[in-house]
Number of protein chains: 2
Amino acid sequence: MARTNAEPAVDKRRLILDAAVRVFARQGFHTCRVSDIADEAGVAYGLVYHYFDSKDQILDTLFLERWDILLRAIQQVDAEEIPPREKLYAITSFIVDSYRHDPDLMQVIIVEVTRAANTFGRTHLAHIREAYYGIAAIVERAQRAGTFRSDITPDFAALAFYGAVEQVLTGWIFALLPTGEREYDQAKTHIVETICGGLDQTDRTSSTAGRAD
Amino acid sequence: MARTNAEPAVDKRRLILDAAVRVFARQGFHTCRVSDIADEAGVAYGLVYHYFDSKDQILDTLFLERWDILLRAIQQVDAEEIPPREKLYAITSFIVDSYRHDPDLMQVIIVEVTRAANTFGRTHLAHIREAYYGIAAIVERAQRAGTFRSDITPDFAALAFYGAVEQVLTGWIFALLPTGEREYDQAKTHIVETICGGLDQTDRTSSTAGRAD
DNA sequence: TGACCGGTTGACTGACCAGTCAATCTGTCC
DNA sequence: GGACAGATTGACTGGTCAGTCAACCGGTCA
């Protein structure tokens, strides 16, 4: 067998993390037992504590892994030379595709961390806030460039934008909105249209990122 | 003492509910003990179980009491003969004023129920959904009247609108946004402006409900 | 007066489960 | 082979707390 200590045949740690995602998504963090995770992963109870200090740390790990990727994506988008509306579209697209690609993980992150303001949301408030700030920075720049109106503070706009995105994902998670490939792509356009263009009926000659239905 | 059986000098049940609001807001539902509520209310532990079947039932009661008021407010607003943008302003105003009037209660409802999708949010999903539908109905009518654009589904618009409102309240609760009388009134206008008017810079001749700053 | 009853008390119990730990297994290296 | 290290096992412990319950209190009414 060509394998070294550094690379075991099966990464049990990863196995446990992936199992935890499924269990958290199915039962919820607080409702599930550590033994449920061990069972789902097909490992002994004690092994979970070999790789993690606590049940909390498992969720922390899952969240931080994914959130860092999101933060980097936001920064990267902001660095590009594209109109602000396309930047917001790119961010929305990234988040929606994250959900499309791994709904369980996104459900866990949103339901158990981002929206769980009293437990993990509080712990990771600084990280979550960083995403808001990234978005606010985009809005601020757009305001200075005259592309976005200036009477709404960037912080406020960021919250409204992120709130809309998260609420739509929550709608999918709890079957308040229909899901599906078509819906995911439409949602991207609709979120950006709602926040940037507004619901009001107006003459719309310049539709930007994403095609209308 | 002029009092009958029906009206005790102090309504201990109410006392417990009010204490629970403070305790839930301070410590969170899952983190606090039933004895904390009893202590805060200044009553014996057992009395809590005289008036309520379970810890859960206390939160259920608090939520339902308040949410029914919100649902009625939404229906009432929709019944009025005012432009849709003013309807949304009235709803936003109602929610923001609810927070202004009793921040602890609104924090508990949002943090422990509305956003707690895995626990009480799931239990009360039908009630929460009803608020979305009420808002969606307003949007739909506005679309039919040609006041709102029709390419965004009412359900979707309702989610985005409610998401923005909730996110702003959450921002206040967790000190991500500055609070204060001025901020509360501004927020009402800004939320409606963002969702109806959009962030885009355009010619704005007709500003509706609420004065700009 | 004394019987009755809803309101009130707080010590106690039973269940649950995160986290521990000593034992075992497996592979590696000399 | 045998000694060492890290991986793996799962029974067990300790603490926590929701909910129970038997006793007590104080007002009312006949």
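Each value, and the rule that gives it
Residues numbered from 1 in each chain as written. Chains lettered and ligands numbered in written order. Predicted model: local features only at pLDDT ≥ 70, side-chain atom pairs only at ≥ 80, totals over all residues. Heavy atoms only, no water. Helix = DSSP H or I, 4+ residues; strand = E, 2+ residues; numbered from the N terminus. Buried < 20%, exposed > 50% of the residue type's maximum accessible area, 1.4 Å probe, protein only. Contact = heavy atoms within 4.5 Å. Polar contact = N/O pair within 3.5 Å; in protein donor to acceptor, adjacent residues only side chain to side chain. Axes fitted to C-alpha atoms, helices over the stretch in contact; angles between N-to-C directions. Left-handed = near helix turned anticlockwise from the far one by under 90°. Nonpolar A, V, L, I, M, F, W, Y, C, P; charged D, E, K, R; others polar. 1 Å grid on protein atoms, 1.4 Å probe; cavity = no way out; pocket = protein on both sides within 12 Å on 5 of 7 lines; lining within 4 Å. Points joined across faces, edges and corners; volume = space filled by probe spheres on them. Domains from an automatic or database assignment. Buried area = accessible area lost by both parts, 1.4 Å probe. Salt bridge = Lys/Arg side-chain N within 4 Å of Asp/Glu carboxyl O. Near = heavy atom within 4 Å.

### Points about the environment of A:L62
Residue and element names in this part refer to chain A.
Reasoning step 1: With respect to the secondary-structure elements, L62 resides in helix α4 (residues 55-79).
Reasoning step 2: The buried category is assigned to L62, whose relative accessible area is 2%.
Reasoning step 3: Considered as a pair, L62 and M106 are 44 residues apart in the sequence and their alpha carbons are 9.9 Å apart.
Reasoning step 4: Contacts of L62, omitting those with residues within four sequence positions, involve R14, L17, A20, V21, F24, L105 and I109.

### A short note on the side chain of B:E166
Reasoning step 1: Assignment of secondary structure puts B:E166 in helix α9 (residues 154-173).
Reasoning step 2: A distance of 3.2 Å separates the side chain of B:E166 from the side chain of A:R115, its partner in a polar contact.
Reasoning step 3: In contact with B:E166, not counting residues within four places along its chain, are A:R115, A:Q167, B:I110, B:T114 and B:R115.

### Re the packing of helix α6 (residues 103-114) of chain B against α9(B)
The packing of two helices is summarised by the inter-axis angle and the distance between the axes.
Residue and element names in this part refer to chain B.
Reasoning step 1: One can describe the packing of α6 onto α9 by two numbers: an axis separation of 10 Å at closest approach and a directional angle of 115 degrees. By crossing handedness, the relation of α6 to α9 is classed as left-handed. Between α6, through M106, Q107, I110, V111 and T114, and α9, the contact on the second element is made entirely by Y162, E166, L169, T170 and I173.
Reasoning step 2: Considering only residue class, the contact of α6 with α9 consists of six nonpolar, three polar and one charged.

### Some words on the layout of surface pockets
All names here are of chain B.
Reasoning step 1: Roughly 200 Å³ of internal volume is contained in the second largest pocket.
Reasoning step 2: What lines the second largest pocket is a set of 14 residues, and nearest its centre among them are R14, D18, V21, D102 and L105.
Reasoning step 3: Mapped by element, the contributors of at least two residues to the lining of the second largest pocket are α1 (12-27), α4 (55-79), α5 (84-101) and α6.
Reasoning step 4: Composition of the lining of the second largest pocket by domain shows at least three residues from each of domain 1 (9-52) and domain 2 (63-197).

### With respect to the interface of chain A and chain B
Reasoning step 1: In this assembly, 48 residues from chain A lie in contact with 48 residues from chain B.
Reasoning step 2: Between chain A and chain B the total buried area reaches about 4800 Å² when both faces are included, carbon and sulfur atoms providing 59% of it.
Reasoning step 3: For the chain A face of the interface with chain B, the top three residues by lost area are A:R149, A:F156 and A:L199, together amounting to 17%.
Reasoning step 4: Across the chain A-chain B interface, the total number found is four salt bridges.

### With respect to the protein's contact with DNA strand C
Reasoning step 1: Close to DNA strand C lie 15 residues, the nearest being A:V34, A:Y45, B:K12, B:A44 and B:Y51.
Reasoning step 2: Backbone atoms, meaning sugar and phosphate, form 64% of the atoms of DNA strand C found within 4 Å of the protein.
Reasoning step 3: Contacts to DNA strand C include A:V34, whose backbone N or O atom sits 2.9 Å from a phosphate oxygen.
Reasoning step 4: Contact distances for DNA strand C include 3.1 Å between a base nitrogen and a backbone N or O atom of B:G46.
Reasoning step 5: Mapped by element, the contributors of at least two residues to the surface near DNA strand C are α3 (45-51) of chain A together with α3 (45-51) of chain B.
Reasoning step 6: Broken down by element, the residue count for the surface near DNA strand C peaks at five residues, all from α3(B).
Reasoning step 7: Here the surface near DNA strand C is built from residues that sort into nine nonpolar, three polar and three charged.

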